[in-house]
Amino acid sequence: MSENLEKTYNPKAIEAKLYEKWCDNKYFHAEVDRSKKPFTTVMPPPNITGKLHMGHALDNTLQDILIRYKRMQGYNALWIPGTDHAAISTEVKVTNQLKEEGIDKKELGREKFLERTWQWKEEYAGTIEGQLKKLGVSCDWDRERFTMDEGCSKAVEEVFIKLYNEGYIYKGSRIINWCPVCKTSLSDAEVEHEEQDGFFWHIKYPIVGTDDYLEIATTRPETLLGDTAIAVHPDDERYKDIVGKMCKLPLTDREIPIVADYYVDKEFGTGAVKITPAHDPNDFEVGKRHNLPEINIMNDDATINEQYGGKYAGMERYEARKAMVADLEEQGYLVKVVPHSHNVGTHDRCHTTVEPMIKQQWFVKMEDLAKPAIEAIKNGDLRFVPERFNKIYLHWLENIRDWCISRQIWWGHRIPAYYCDECGEVVVGHGAPEKCPKCGCTHFTQDEDTLDTWFSSALWPFSTLGWPDKTEDLDYFYPTDVLVTGYDIIFFWVIRMVFSGYAHTGKAPFHTVFIHGLVRDSQGRKMSKSLGNGIDPLEIIDQYGADALRMTLMTGNAPGNDMRFYNERVEASRNFANKVWNASRYILMNMEGITVSDRKVAVKALERAQQTGGPAAALELEDGRIITGKTSNLLGASAALLVNVLKELAGIDHNVHIISPEAIEPIQKLKVDYLNSKNPRLHTDEILIALSASAAVNPIAELALSQLPKLKGCQAHTSVMLSSVDIKTFKKLGVQLTSEAVNERQILS
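The rules we used
Residues numbered from 1 in each chain as written. Predicted model: local features only at pLDDT ≥ 70, side-chain atom pairs only at ≥ 80, totals over all residues. Heavy atoms only, no water. Helix = DSSP H or I, 4+ residues; strand = E, 2+ residues; numbered from the N terminus. Contact = heavy atoms within 4.5 Å. Areas by Shrake-Rupley, 256 points an atom, 1.4 Å probe, with all protein chains shown as cover. Core = buried A, V, L, I, M, F, W, Y, C linked by side-chain atoms within 4.5 Å. Buried < 20%, exposed > 50% of the residue type's maximum accessible area, 1.4 Å probe, protein only. pLDDT = per-residue confidence, 0-100.

Caption draft 1: Region of interest: the overall build of the protein chain. Helix and strand content of the protein chain: 25 helices and 30 strands. A fraction of 72% describes how many contacts in the protein chain between residues 6 or more apart in sequence connect residues 24 or more apart. When the accessible surface of the protein chain is totalled, it reaches about 36000 Å², and 49% of it is carbon and sulfur.

Caption draft 2: The nonpolar core, seen in detail. Core analysis: the largest hydrophobic core is formed by 60 residues, its most contacted members being Phe160, Trp362, Leu382, Phe384, Tyr393, Ile405 and Phe455. The leading source of residues in this core is helix α16 (residues 490-505), at nine residues. If sequence neighbours within four positions are ignored, Leu382 has contacts with Ala376, Ile377, Tyr393, Val498, Phe510, His511, Thr512 and Val513. Counting residues in each nonpolar core, the second largest holds 37 residues, with Leu225, Ile230, Ala302 and Leu334 among its members.

Caption draft 3: Representation of the confidence of the model for the protein chain. Residues of the protein chain with pLDDT of at least 70 account for 78%, and the chain-wide mean is 80. Per-residue pLDDT stays below 50 along residues 608-726; that stretch engages in 230 contacts with residues further than four places along the chain or on separate chains. Counting interchain partners and residues more than four positions distant, the pLDDT-below-50 stretch residues 737-749 has 22 contacts.

Caption draft 4: Fine view of unusual backbone geometry. Note the cis peptide between Val385 and Pro386, where omega equals 0°. With respect to the helices and strands, the residue Pro386 is situated in the loop between β15 (383-385) and α12 (389-398). In this chain, Trp467 is followed by Pro468 through a cis amide linkage whose omega measures 15°. Structurally, Pro468 can be placed in the loop between α14 (460-463) and α15 (472-477). The backbone of Lys26 sits at a positive phi, close to 55°, despite the residue not being glycine. Within the secondary structure layout, Lys26 lies in the loop between α1 (11-24) and β1 (38-42). For His351, which is not glycine, the phi dihedral falls at a positive 65°. Positionally, His351 belongs in the loop between β13 (334-347) and β14 (355-364). Take His351: its relative accessible area is 51%, and that puts it in the exposed class.

As structure tokens, then:
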């Protein structure tokens, strides 16, 4: 058999064929088996629009190691794969495809657009699946799910109706994050804040009936068209006498009141701030406390609207800013302009600067839903690895705002709310009602909005197992055990899964969250299209093999920390894979002629050693060759990997552990005089094991040898030439070497 193996490991000739064998034989499939303890994990569903990147490779390699380890331990291990419908990014992809064909999305209409999107999904969604298979992931492909498949969609609708009936979901006007390019609302978790250079524009607001004015500093002068008050701190002595008076709003004919509110920091700037309730979340809250009007000055594309824009109506927001600043200066309202760096919210998908805007949206009340998720981390029902992420999780939950869940796009789960065409009554349920409960009308229109993608992803650990139906899978495999994910997704997904699990199943969806970091380039930079420093995992796999990539990602990387990717490390991993291959070739060359009976005897010896807790076991066959296994926990991952290769090739169905790859050759050649000998001998379960080529460079082998029973007086003879280091080590342990073991090298010692 060994003569059929190439001298150099060629992953292209092995990996695809081996993976196909695994899948054909359903080695990764799991069914309910009450005789076994289950172990379950769910794959963070990649977007159907995506391609495999290094983050996916790291995340799924970690999961794969975990699930394979649990299978080897005897668990009924289930790893559920799937993909996410990625509402916004998919809609953008299909819209752009239509544009290339000269088709306008709105002219096509909602139903036809959704037909095209489903066609696009069927054509491209398999890309990421095929790429994950190239990585060698051992998930249960028979159970693959999609966030918009029939079962997941049923769960989404059930949750919306349930939360609405319980009073947790409501529709109202609140400040939301609005993307003027995608023209949809965003949750706080979908907004990335980045440092940008800007300015503070200092503007005079004349106090009506006096010659005085208040100086206001703002980073967004265009929003003054929506100002409805000036606020000062109640305890600020500078402004006590003017609270309740009116100010002239520059560039308009409106007057606005001066109010006192504890929100104002009297030590910051001038201690007076403009209040724009329709375009700032903090101002919105101030406005509610003082019953201020809410004036939205922008259209959905961030142009200034006709109703409040005046001469600036129709201008894009930054164009309007320039025009207004010029007019403020011309009319004597501009005091000064000061450079200022500040955090600006951007859409994590298209990177457009987000516009805070007041709109009618659907929200989830979060205060009560968050409480069980907070308690879970405090009482130990949920833990993060590393533990430092507990604080990040708690900080987010303890300061959480109501979750805006409606999106102004077509691709996704449509909100199951129906409006009576006569009286406007809202009815939430499974399909449109036969008649309006208020006026009796039979004509309804469904809400146009769809749900936030994360609304469906939050249900992933239990919707994939059949919930809301009481399935046997759900009863057996849920709660799941461990979630593996990156730290950048804690707010989007982890938190929402935890509170959803408690709200809908009464249990945490998992007990442990293993957090890994990001894969950065060799300079420590985040990989991105703009920098052009992205590394395609498939190219690495094609050049070096999947095992080389996986080993590179797993070594030298601590949980929760970012890692740098170097091609040199991949080459080293490839070289290690080649060593494993050649070690296997050598063993196969020396196993020719070993019978099934020999193997059974070897397995019994190994089992006996494990039962007695012996540190090592070996068996000499009739032709002098030795099969050996190590049962103590002295190994690193590299040797354990070799063991699995040997088991597969040699047909030994047992958890065998080899001391180290370097120990194989001397173990094969060693002969110990232990049977029918007049000399002292070892017990047959504890046969003397040789060191590898040199004890000095193989401390694991030396440690294993030192753990054997007293060897003093034992005799050993070997036909191989021993190094001086080996001879010294044997002598130190009291082993007597025969004259056959002495050679010219002994003189040098």
